[in-house]
Amino acid sequence: MESIIILSVIIGLPLYFLPTIIANSNNKKQKLAIFLLNLLLGWTVLGWIGALIWSVVKEDNSHLLS
């Protein structure tokens, strides 16, 4: 029984924080905000999906060209 709990934590935590991991690997400017959304509202499916979408959407850097 304990091994199932440990295995669930080992698999579940990275899956829960997948949006944060993706945002960090994509070097997003808003990675702290994505982390907070993921941490505080990730338990709701909509919060997790919102954080995931935010972490994969390409940032608009067109203002830097001016």
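For the structure itself, look to the data block above.
In short, a report on the structure.

So, how was this worked out
Residues numbered from 1 in each chain as written. Predicted model: local features only at pLDDT ≥ 70, side-chain atom pairs only at ≥ 80, totals over all residues. Heavy atoms only, no water. Helix = DSSP H or I, 4+ residues; strand = E, 2+ residues; numbered from the N terminus. Contact = heavy atoms within 4.5 Å. Phe/Tyr/Trp six-rings, centres within 6.5 Å; stacked < 30°, edge-to-face > 60°. Buried < 20%, exposed > 50% of the residue type's maximum accessible area, 1.4 Å probe, protein only. Polar contact = N/O pair within 3.5 Å; in protein donor to acceptor, adjacent residues only side chain to side chain.

Of the regular secondary structure elements, the protein chain holds four helices and zero strands. Reading the secondary structure of the protein chain in the N-to-C direction produces α-α-α-α. Taken along its principal axes, the extent of the C-alpha atoms in the protein chain is 60 × 20 × 15 Å. Of the contacts made within the protein chain by residues no fewer than 6 positions apart, 45% connect residues no fewer than 24 positions apart.

Across all of its chains, the model carries two aromatic pairs by this definition. On the basis of an interplanar angle of 85° and a centroid distance of 4.9 Å, the ring pair of tyrosine 16 and phenylalanine 17 is categorised as edge-to-face. Judged by relative accessible area, which is 23%, tyrosine 16 ranks as partly exposed. Aromatic pair phenylalanine 17 and phenylalanine 35: ring centres 6.1 Å apart, planes at 25°, arrangement stacked. Taken together, the residues span a long stretch of sequence, with phenylalanine 17 in the loop between helix H1 (2-16) and helix H2 (18-25) and phenylalanine 35 in helix H3 (residues 31-41) at a distance of 18 residues. An aromatic cluster is present here, built from Tyr16, Phe17 and Phe35 joined pairwise through their rings.

Turning our attention to the side chain of threonine 20. Examined against the element boundaries, threonine 20 turns out to sit in helix H2. Only 2.9 Å separates the side chain of threonine 20 from the side chain of asparagine 38, close enough to count as a polar contact. With residues up to four places along the chain from it excluded, the contact list for threonine 20 reads Ile34, Phe35 and Asn38.

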